[in-house]
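# Commentary on secondary and tertiary structure
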Amino acid sequence: MRYGKKRKPITRLLSLITALALALPGQSAAAVTEGSKDDYEELVSKYATADDRMGYTDYLIRNPQVRPDRTIEISAADLVRYEENGAEASPLLQDDYEGMPGSSVLTAEDSLIEFEVTVEQAGLYDLSLVYYPVPGKNSAIQRCIFLDGQLPYEELSLVEFQRVWKMDAGEAAVNEDGVAVISWIKDNQGNDLKPSSVEIPQWIESYVYDSEGYITTELSLYLSKGDHTITLTGLREPMLLRKLVLSNRTNAEDYEAVKKAQDAAGAVNTSGQMIRIEAENVSRTSSQMLYAQQDQSSPAIYPASPKELLNNTIGGNSWRLNGQWMEWEFEVPQTGYYHISLFDKQNFVKGIYVSRRITIDGAVPFSEMEHYGFTYDSGWREDVLSAENGDPYLFYLEEGEHTIRMEVVLGEFAQIISTVQDCVTQLNSIYRSVIRITGVAPDKYRDYEIEDNLPGLEAELIAVKEELDSAIVQLQTLIGKKSDKEAVLITMSDQLEELIYDQERFTEVMASFKVNVRATATWITQVIDQPLQLD
């Protein structure tokens, strides 16, 4: 069972910000808010340090699980107010920009833009933005999102919207082996030069996601029937905004249901077809750090040379951060079912697997592709996308052009990492409470009467140990075998058990307690990285 401190109304945070609306987020609030961008930044700052801050999971629990089958579009040109550099301003409007019909609004890095929306049916709505990444500092776009003048939950204090990149290289051409490869620029030794990346701006519709990756689904807002305000404040980079969309898309069904429906529609297997895509011929990426790399670790990589350094792979440690994606275009010669296999290497993260969300033509083909896992192995191998029983999945593709995208996600590890992160926060709080009594270097022969001075300490230790133990059990269940990734968490749990029995022991183990808390925090940074290399 998960324990936590009782939540208090978020409006306590607003006591010093009287200009902001005091209605609870999601309850009807007809008026435009009056808070400045500085007021909103102060709200976020207070929220970040508040003991009663709310996360997305608690937000969902507190609101009715109703998802209306409705779509509400808010044109950016229908804004009700706009601020730039701390002052009211008139935004720049662009009509029919880069093929997008209608008026779009250019929002600066240091901007505030607000919209009103009328909701006919109360419920949870997923929020998405249609935007164009105008030139800036080549970084991901960051925004903070408020509802009715308040921050609904912690994850909306920073959300990211990606740019689109491609390698500055020539088009791929079929070589003597019948493989489409890029003719890379070479140095005077015959080695391929590493390519640079160039931005290829385009209109993008993106749902709002947790930038940390702990929540793997789209983030939703609960809206009661009536009028509401949605406010976006800029944190980094400008953005050309076309519209906001509130909707609820249908989740992908599992493989069995999808396959059954496709069979019933007349889908059949293909025969004698093979579509080969060299991974380094990537069409688009979300980061300028994702470009072709050189690997000489195996002659099985294509192309390979014992003498020259060739651009023959992509990914690895450059492709490890939540939300990073790569996309490839390909053409299907015959309609029907296909297997998908990859020649990949996952020798980066031992003891667990790394995950990718795999989409075809912008959609997850079936739910198992929401977070497909790649286990550890020492070298390169062929992975056929398969079910847990080893049966390869069949993907239905129609004749013509398609795209396949692979995106870094935490998958089933997201909840475990989030739980451990919560434990680290509690452990640091316990450490600070104890050293207020003992100091950072306590005398182990002195009686500090810790139990009397901190009467709630035992309950706090029990609560964090139960939460940590639940994370360990989840990790063991997920991996299905012993893993070296358990060791750090088990060590921390064992020390907590010792301290629950006798809190006065803090004077003897303070140094090791601090080391173990730090090791638990480091565990998060190790597990959150999800590298994978493709040939």
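See the structure shown above.
Read on for a plain summary of the structure. (Residues numbered from 1 in each chain as written. Predicted model: local features only at pLDDT ≥ 70, side-chain atom pairs only at ≥ 80, totals over all residues. Heavy atoms only, no water.)

## Details of the overall build of the protein
What the protein contains, in helices and strands, is 8 helices and 29 strands. In terms of overall dimensions, the protein is globule-like: its C-alpha atoms have a radius of gyration of 26 Å, near the 24 Å expected for 535 residues. C-alpha atoms of the protein, sized along the principal axes, occupy 80 × 60 × 55 Å. The buried share among the 535 residues of the protein stands at 49%. (Helix = DSSP H or I, 4+ residues; strand = E, 2+ residues; numbered from the N terminus. Rg over C-alpha atoms; globule rule 2.2 N^0.38 Å. Buried < 20%, exposed > 50% of the residue type's maximum accessible area, 1.4 Å probe, protein only.)

## Structural notes on empty space enclosed by the protein
A water-sized probe, rolled over the atoms, reveals where empty space remains. Throughout the structure, instances matching the rule amount to 1 cavity of 30 Å³ or more. Roughly 30 Å³ of internal volume is contained in the largest cavity. For the largest cavity, the full set of lining residues is Thr107, Ser111, Ile113, Arg143, Leu232, Met239 and Leu241. Here the lining of the largest cavity is built from residues that sort into 4 nonpolar, 2 polar and 1 charged. (1 Å grid on protein atoms, 1.4 Å probe; cavity = no way out; pocket = protein on both sides within 12 Å on 5 of 7 lines; lining within 4 Å. Points joined across faces, edges and corners; volume = space filled by probe spheres on them. Nonpolar A, V, L, I, M, F, W, Y, C, P; charged D, E, K, R; others polar.)

## A word on a negative patch on the surface
On the surface, a cluster of negative charge is made up of Asp447, Glu449, Glu451, Asp452 and Glu458. Mapping Glu451 onto the fold places it in helix 5 (residues 450–453). (Patch = residues over 30% accessible without salt bridge, like charges linked within 9 Å, V, L, I, M, F, W, Y side chains within 5 Å. Areas by Shrake-Rupley, 256 points an atom, 1.4 Å probe, with all protein chains shown as cover. Salt bridge = Lys/Arg side-chain N within 4 Å of Asp/Glu carboxyl O. Lys, Arg positive; Asp, Glu negative; His and termini not counted. Charge placed at Lys NZ, Arg CZ, Asp CG, Glu CD.)

## Structural notes on the packing of aromatic side chains
Inspection of the entire model under this criterion finds 16 aromatic pairs. Their ring planes at 50° and their centres at 4.6 Å tell us that Tyr59 and Tyr153 sit as a pair that is tilted. With Tyr59 in helix 2 (residues 56–62) and Tyr153 in the loop between strand 8 (141–147) and strand 9 (159–161), this residue pair connects regions lying 94 residues apart in the sequence. For Tyr59, a relative accessible area of 3% puts it in the buried group. With a centroid separation of 5.2 Å and an interplanar angle of 85°, the aromatic rings of Tyr97 and Tyr132 are classed as edge-to-face. In this pair, Tyr97 sits in the loop between strand 4 (92–95) and strand 5 (103–107) while Tyr132 sits in strand 7 (residues 123–132), placing the two residues 35 residues apart along the sequence. Take Tyr97: its relative accessible area is 25%, and that puts it in the partly exposed class. Classification of Tyr132 as buried rests on a relative accessible area of 7%. Directly above the aromatic system of Trp319 lies the positively charged group of Arg356, at a separation of 4.1 Å from the ring centroid. (Phe/Tyr/Trp six-rings, centres within 6.5 Å; stacked < 30°, edge-to-face > 60°. Lys NZ or Arg CZ within 6 Å of the ring centre and 35° of its normal.)

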